[in-house]
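# Results of the structural survey
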Amino acid sequence: MSTELLTVLFFGSLVFFLFLGVSLAWVLGGISVIFLYFTWGSDAFYMIASRMWSTMNSFTLISVPLFILMAIILERSGVALSLYRMMHLWWGGVRGGLAIGTVFICAIFGAMVGVSGAAVVTMGAVALPAMLARGYNREMALGCINAGGGFGILIPPSIVMILYSMLTGVSVGALFAAGVMPGILLMILVSAYIAIRCFINPSLGPSLPKEDRGSWNEKIVALKGVLLPIMIVALVLGSILSGMATPTEAAAVGVLGSIISAAVHKQLTFKLISDASIKCLVLTSMIMWILFSAYAFSTVYTSMGAQRVITDIMAFIPGGEWGVVFAMLFIVFLLGMVMDPVGIMMITLPVFVPLIQANGIDPIWFGIMFIIMMEIGYMTPPFGFNLFYLKGVAPKEITMLHIYKSVTPYVLVIVLGMALIAIYPEIATWLPKQVM
């Protein structure tokens, strides 16, 4: 059987069983074993076992459960409430200030926890009702949370970046460094969009009356709420970028910082640690099974002659390497509407990595573009995950149609940011060259 026909059957089976609702780990692993048996025989199973064993021995893999544990503890420790109160007092007097402050909080929260959903759920429960009660435009309030929450997978430390590193061989530290400036750029662009819209039309985000803005003494006291989060981010990122610690060691420092933060907010209890540990075990087990299955998937597809087929297919795409990049990112955008980032990476990167290498594309720059496109897919209809996270915590009068309508301008702003990173790749590549 030709490699082309095997490719159609291989990916056709994948799509078929995913649409049937079968778990991603079972689909990836099961299809891999079946196709390997019929193409190479049972003696070839050692290839999968060998690949999984080398993955299990990866020191970087230990950072995944540590960052997940840190995220869960921070999510339940009261940090978000302190951040929101600080933002409310300092930004409330500015037109659109609550929305801009919410974007900044999402960025800080994302930098602490490394995942997207945590910031969306937390700010959807805390900031959204406050903005709506103060007369903010509904789409403006919904959109800023949706967009800001996506920064969690771009601004380091990011679990998605760790997995990207393991699948592509790119340095985790370099990816973390590469995500800093693009993350800041997107945060500034989104904030600027809110500020300009509210300056032109103040009714979209009215400033708070003077009596609700708080005194200078209250503002100074509220700054204490941001000290711990900034300290945690500085400890984690600073130790990695300075070379003092590996990402795994820095993740352990982050867990310690999250425990201290919970103690400061008087939320540190045995129940919190117990519940966080159990949830961390569940999430880590799910990610590891998907990761092992994905390695089996990529190993089997490579053994079938995947690189030649992919190279031949991409040769027909016009535009040279830019055409190849656009095609890959468009595929990621479509998958982002229906799948989580882990699943997207496991399915696409084994196929994309040979293309990146063949076309001489910088894997760090492509990694940042890849992650931003997953972020966009996460917030776009019809099935972007952030949309449903937000609907789950929004007031009852908020419908999915309202959330869908809020997304478009923010997506366009983020696409503008991607265009800037494409035109000026140094935005993503300069910092890694300086610190690594």
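Here the residue numbering is sequential within each chain, running from 1 through the sequence in written order. Side-chain atom pairs in this predicted model are given and counted only at pLDDT of 80 or more, local residue features only at pLDDT of at least 70, and totals for whole chains, interfaces and linings cover all residues. Processing note: side-chain calculations cover all non-hydrogen atoms of the structure and skip hydrogens and water entirely.

### Re the overall build of the chain
Elements are defined by DSSP. Helices are runs of H or I of four residues or more, strands are runs of E of two residues or more, and each kind is numbered from the N terminus. The helix and strand tally for the chain stands at 21 helices and 0 strands. Residue contacts are defined here by distance: any two heavy atoms, one from each residue, within 4.5 Å place the two residues in contact. Sequence separation of 24 or more characterises 79% of the internal contacts of the chain that already satisfy a separation of 6 or more. For the chain, the accessible surface area stands at approximately 18,500 Å², while carbon and sulfur atoms represent 71% of it. A 1.4 Å probe and the Shrake-Rupley method give the accessible areas. Residues count as covered only by the protein chains that appear here.

### Examining the state of the cysteines
Disulfide: a pair of cysteine sulfur atoms within 2.5 Å of each other. Scanning all chains against the criterion turns up 0 disulfides. C106 takes part in no disulfide bond, and the closest cysteine sulfur, belonging to C144, lies 7.0 Å away. Throughout this description, buried means an accessible area under 20% of the type-specific maximum (1.4 Å probe, protein chains only), exposed means over 50%, and partly exposed covers the range between. On the basis of relative accessible area, C106 is assigned to the buried category, the value being 0%.

### Thoughts on the packing of aromatic side chains
Any pair of Phe, Tyr and Trp rings, taking the six-membered ring for Trp, is counted once the centres come within 6.5 Å. Such a pair is stacked with planes under 30 degrees apart, edge-to-face with planes over 60 apart, and tilted for the rest. In total, this model carries 9 aromatic pairs according to the counting rule given. On the numbers, 5.9 Å between centres and 50° between planes, the contact of F366 with F370 is tilted. One end of the pair is F366 and the other is F370, both in helix α18 (residues 363-378) and 4 residues apart, which spans about a single turn. Look at F370 and you get buried, because its relative accessible area is 0%. Among the aromatic side chains, those forming a connected cluster through ring pairs are Y164, F352, F366 and F370.

### Details of the side chain of S261
Within the secondary structure, S261 sits in helix α13 (residues 247-264). Apart from residues no more than four positions distant in its own chain, S261 is found in contact with L74, S77, V79, L228 and I232.

### Looking at the pattern of salt bridges
Salt bridge, as applied in this entry: a Lys or Arg side-chain nitrogen positioned within 4 Å of an Asp or Glu carboxyl oxygen. Under the counting rule described, the total for this entry stands at 2 salt bridges. With a closest N to O distance of 3.7 Å, E139 and R138 form a salt bridge. The salt bridge involving K271 is made with D275; its shortest N-O contact spans 2.7 Å. Note that K271 and D275 are positioned in helix α14 (residues 270-303) at a spacing of 4 residues, about one turn of the helix. Look at K271 and you get exposed, because its relative accessible area is 56%.

### Overview of the nonpolar core
Side-chain atoms within 4.5 Å link the members of a nonpolar core, which is a set of buried Ala, Val, Leu, Ile, Met, Phe, Trp, Tyr and Cys residues. Within the largest apolar cluster, 138 residues are counted, with the highest numbers of intra-cluster contacts made by I194, F366 and F370. Here this core gets 13 residues from one element, more than from any other, and that element is helix α10 (residues 172-200).

### Let's talk about the side chain of T102
You can see T102 is positioned in helix α6 (residues 97-113). Discounting chain neighbours no more than four positions away, the residues touching T102 are M87, M123, A127, M131, C144 and I145.

### A look at the environment of Y410
Looking at the element boundaries, Y410 is found in helix α20 (residues 400-423). Take Y410: its relative accessible area is 1%, and that puts it in the buried class. Residues Y410 and G143 lie 267 residues apart in sequence; the distance between their C-alpha atoms is 6.6 Å. For Y410, the contacting residues outside a window of four places in its chain are E139, M140, G143, C144, A147, V190, Y193, I194 and M379.

### Details of the packing of helix α9 (residues 159-168) against α10
Orientation is described by axes fitted as lines to C-alpha atoms, over the contacting stretch for helices, and by angles from 0 to 180 degrees between their N-to-C directions. Packing of α9 against α10 brings their axes to within 9 Å, and their N-to-C directions diverge by 135°. The angle between α9 and α10 falls in the class oblique. The element α9 and its partner α10 pack so that their crossing is right-handed. Residues M161, I162, Y164 and S165 of α9 form the contact with α10, whose own contacting residues are V172, L175, F176 and G179. Following the grouping adopted for this structure description, the nonpolar residues are Ala, Val, Leu, Ile, Met, Phe, Trp, Tyr, Cys and Pro, the charged ones are Asp, Glu, Lys and Arg, and the polar ones are all others, Gly among them. When the residues that make up the contact of α9 with α10 are grouped by side-chain class, the tally is 6 nonpolar, 2 polar and no charged. When an angle is under 35 degrees it counts as roughly parallel; over 145 it counts as roughly antiparallel; between 65 and 115 it counts as roughly perpendicular; any other value is oblique. Working rule for handedness: look at the near helix, and if it is turned counterclockwise from the far one by less than a right angle, call the crossing left-handed; if clockwise, right-handed.

### Some points on α18
Taking 1.5 Å as the rise per residue, α18 with 16 residues should run 22 Å; its terminal C-alpha atoms sit 22 Å apart, in good agreement. With a side-chain oxygen lying 2.9 Å from the backbone nitrogen of I364, the N-terminal cap of α18 falls on D362. Expected span of a helix, by definition, is 1.5 Å for each gap between consecutive residues, and there is one gap fewer than residues. Each polar contact in these results corresponds to two N or O atoms within 3.5 Å; when the atoms are within protein, one needs to be able to donate a hydrogen and the other to accept it, and residues that are neighboring in sequence are counted only if both atoms are side-chain atoms.

### As for a nonpolar patch on the surface
For patches, a residue must show more than 30% relative accessible area and have no salt bridge; joins then use 9 Å for like charges and 5 Å for nonpolar side chains, namely Val, Leu, Ile, Met, Phe, Trp and Tyr. The grouping of W90, W91, V94, W216, I220 and L223 at the surface amounts to a nonpolar patch, some 570 Å² of accessible area in total. Looking at the nonpolar patch, the elements that each hand over two or more residues are α5 (79-91) and α11 (216-222). Here W91 shows up in helix α5. With a relative accessible area of 30%, W91 lands in the partly exposed category.

### Structural notes on the environment of M86
Examined against the element boundaries, M86 turns out to sit in helix α5. Here the alpha-carbon distance between M86 and E218, two residues 132 residues apart in the chain, equals 8.9 Å.

### Digging into the packing of α10 against helix α21 (residues 426-435)
Running from N to C, α10 and α21 point in directions that differ by 140°, and their axes come no closer than 7 Å. With respect to α21, the element α10 is oriented oblique. Handedness of the crossing formed by α10 with α21: right-handed. Taken together, the residues of α21 that come into contact with α10 (itself represented by A174, A177, A178, V180, M181, P182 and L185) are I427, A428, W430, L431, P432 and V435.

From the geometry alone we can't say anything about function, so treat these as descriptive.
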